[in-house]
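Chain residues, written in single-letter form:
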Amino acid sequence: MPGPRYTDIIHSLSANDPFTGPETLERNQGFPFRARLGANESSFGPSPKALEAMQNAISEVWMYADPESHDLRKAIAKHHAIDIRNVVIGEGIDGLLGYLTRLFVAPGDRVVTSDGAYPTFNFIVSGYGGDIRKVSYNGDHEDPTALIAKAHEVGAKLIYLANPDNPMGSWHSGKTIEGILKDIPEGALLILDEAYIELAPEGTAPKIDIEDPRVVRMRTFSKAYGMAGARVGYTLGARDLIANFNKVRNHFGMCRISQAGALAAFEDQDWLMSIRTNVSQARERIVQIAHENDLKPLPSATNFVTIDCGHDRDFAENVVQNLGERGVFIRMPFVEPQNRCIRVSVGKQESLGALAHELPKALAKART
Ligand SMILES: *Cc1c(COP(=O)(O)O)cnc(C)c1O
């Protein structure tokens, strides 16, 4: 029997899940993690006002969500002093990257990213048959100049840059990003992934005219706002670009409860400020734990700290594995030379206490 006729792109891809989740690891190992420090979630949780809004929305769940996410877009537009038509809401940055890629990438179209940068973008581009070209990190930073040069060289339609970066936690100043705009090739679009921008130092967000056709910005409620499971993100861009999302997006893809929660979270900017404090204190604690173990923590503008273990990938993988066996879930970068590091998300005191307790043992075992 011939079976259903998949596209050539689907035939060319592997069905192995590239993003093994902590739940899968827990099922495989047969016990739950004590400390969940691997997915850059915020265990500080969402604003109490967001929790209340979501609780109130539960009884309305028989209704579809407003397909235009009007109230949330209006609040976001007001905050950024832009038009509501400059904002589209979607199922997290990941969902929005999917729509954006669908708007631009046909089989063989080229995109540029950094080797070892946020992998979901590559996963999505591959699904549309795009041709991914990569540049190296410079030190532990994504390299904006190299990205632009590569885009010129290969005629890329999209250029992906996360600022701050995951998995290294590094960042560029807004001025640096502003400085590369003039060099973006004609007809190329810079995707500025700002998943961690609320946690970054003042001046990390560039000032870019919202109608500038060369840039699109991605933001999320998953990280600082503590709502990863709600799946809400937003894209800021020129009206024409945002209007095109309506051609492909899942108009009824948002969860009504999540929409209500995101709106309440966004309107509670005081809570966000308190989260910045919690996150920076937790980062300090991770830095301290790293130093206690003679490891080198890298500077971070995010809700995680990437720690240089001073050895190769095998060593770092060993540490991740050993910590997992001891109930502490962390992750690590994928490619050389970043994969000499482990990546630890911030968490509450109990979780970081578990890390402090188990890391020396995990390191000792990796050294034998
Ligand atoms: C976590 C993360 C995302 C995913 O955000 P969602 O809104 O949860 O889909 C996107 N980009 C980067 C760089 C991230 O670290």
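From a predicted model like this one, the values you see are computed outputs, not experimental measurements. (Residues numbered from 1 in each chain as written. Predicted model: local features only at pLDDT ≥ 70, side-chain atom pairs only at ≥ 80, totals over all residues. Heavy atoms only, no water.)

### Re a negative patch on the surface
Short version of the rule: Patch building starts from residues that exceed 30% relative accessible area and form no salt bridge, then joins like charges within 9 Å and nonpolar side chains (Val, Leu, Ile, Met, Phe, Trp, Tyr) within 5 Å. Surface accessibility follows the Shrake-Rupley procedure with a 1.4 Å probe radius. Residue values consider only the protein chains on display as shielding. The rule for a salt bridge is simple: a side-chain nitrogen of Lys or Arg has to be within 4 Å of a carboxyl oxygen of Asp or Glu. Positive residues here are Lys and Arg, negative ones are Asp and Glu, while His and the chain termini are left out of the count. Where a charge sits is defined by one atom per residue type, namely NZ (Lys), CZ (Arg), CG (Asp) or CD (Glu). Numbering of helices and strands runs from the N terminus, with a helix taken as a DSSP run of H or I at least four residues long and a strand as a DSSP run of E at least two residues long.
Where like charges cluster on the molecular surface, the negative patch consists of Asp66, Glu68, Asp71 and Glu267. Within the secondary structure layout, Glu267 lies in the loop between helix H10 (256-266) and helix H11 (269-292).

### With respect to empty space enclosed by the protein
Applicable threshold: A 1.4 Å probe that fits into a set of points on a 1 Å grid over the protein atoms alone but cannot get out defines a cavity; an open set with protein on both sides within 12 Å along at least five of seven lines defines a pocket, and lining residues are those with an atom within 4 Å of a point. Grid points are joined across faces, edges and corners, and a volume is the space filled by probe spheres set on the points. When residues are grouped by polarity, Ala, Val, Leu, Ile, Met, Phe, Trp, Tyr, Cys and Pro land in nonpolar, Asp, Glu, Lys and Arg in charged, and all others, Gly among them, in polar.
Throughout the structure, instances matching the rule amount to one cavity of 30 Å³ or more. Of the residues assigned to the lining of the largest cavity, the class counts are four nonpolar, one polar and three charged.

### With respect to the environment of Gln321
Note that Gln321 resides in helix H12 (residues 313-325). With 26 residues separating them in the primary sequence, Gln321 and Gly347 have C-alpha atoms 19 Å apart.

### A closer look at the sheet that holds strand E6 (residues 189-193)
Heads up, the rule is: Should DSSP find at least two bridges between two strands, the strands are regarded as paired. Where helices are involved, their axes are fitted lines through C-alpha atoms of the stretch in contact, as for all axes, and angles between N-to-C directions lie from 0 to 180°.
Within the open sheet, the seven strands sit side by side as E2-E8-E7-E6-E5-E3-E4. Their pairing is mixed. The two strands at the open ends of the sheet, each matched to only one other strand, are strand E2 (87-90) and strand E4 (131-135). With strand direction ignored, the average angle separating the axes of adjacent strands in the sheet is 20 degrees. Note: strand E5 (residues 158-162) against E6, five bridges, orientation parallel. The residue of E6 that forms the bridge with Tyr160 is Ile191.

### Some points on the site of the ligand
Let me state the cut-off plainly: The cutoff for a nearby residue is simple: one of its non-hydrogen atoms must lie within 4 Å of the molecule or strand. Polar contact criterion, stated in full: a pair of N or O atoms within 3.5 Å, where within protein one must be able to donate a hydrogen and the other to accept it, and residues adjacent in sequence count only if both atoms are side-chain atoms. To qualify as sitting in a cavity or pocket, a molecule needs more than half of its atoms within 2 Å of the grid points.
Lining the immediate environment of the ligand, one finds 13 residues, of which Asp193, Tyr196, Thr220, Ser222 and Lys223 sit closest. Here Ile93 contributes a backbone N or O atom positioned 2.7 Å from an oxygen atom of the ligand. Measuring from an oxygen atom of the ligand, one finds a side-chain N or O atom of Arg231 at 2.8 Å. Protein chains shield 94% of the accessible area of the ligand, which is 390 Å² for the free molecule. Among the cavities detected, the one that contains the ligand is the largest pocket. Looking at the shell around the ligand, the element that brings in the most residues is helix H5 (residues 92-104), giving three residues. Its residues placed into classes, the shell around the ligand shows five nonpolar, four polar and four charged.

### Some points on the environment of Ser126
Operational definition: Any two residues having at least one pair of non-hydrogen atoms within 4.5 Å are treated as being in contact.
Here Ser126 lies in helix H6 (residues 119-127). Spatially, the C-alpha atom of Ser126 lies 8.0 Å from that of Ile9, the residues being 117 residues apart in sequence. Each residue touching Ser126, except ones within four places of it in the same chain, is listed here: Ile9, Leu13 and Ile132.

### Quick notes on the packing of aromatic side chains
Rules: Classification of ring pairs uses Phe, Tyr and Trp, with its six-membered ring standing for Trp, and accepts pairs whose centres are within 6.5 Å; under 30 degrees between planes counts as stacked, over 60 as edge-to-face, and the remaining range as tilted. When a residue's accessible area, from a 1.4 Å probe over protein chains only, is under 20% of the maximum for its type it is buried; when over 50% it is exposed; and in between it is partly exposed.
Applying the stated criterion to the full structure yields ten aromatic pairs. Their ring planes at 25 degrees and their centres at 5.3 Å tell us that Phe33 and Phe329 sit as a pair that is stacked. Residue Phe33 is found in the loop between helix H2 (22-29) and strand E1 (35-36), and its partner Phe329 is found in strand E11 (residues 328-329); the two are separated by 296 residues along the sequence. Each member of the pair, Phe33 together with Phe329, is buried. Aromatic side chains Tyr234 and Phe266 sit 6.4 Å apart centroid to centroid with 90 degrees between the ring planes, which places their arrangement in the edge-to-face category. Of this pair, Tyr234 sits in strand E8 (residues 233-236) while Phe266 sits in helix H10, placing them 32 residues apart in sequence. Neither residue differs from the other here; Tyr234 and Phe266 are each classed as buried.

Interpretation note: all reported values are geometric properties and have no functional meaning in isolation.
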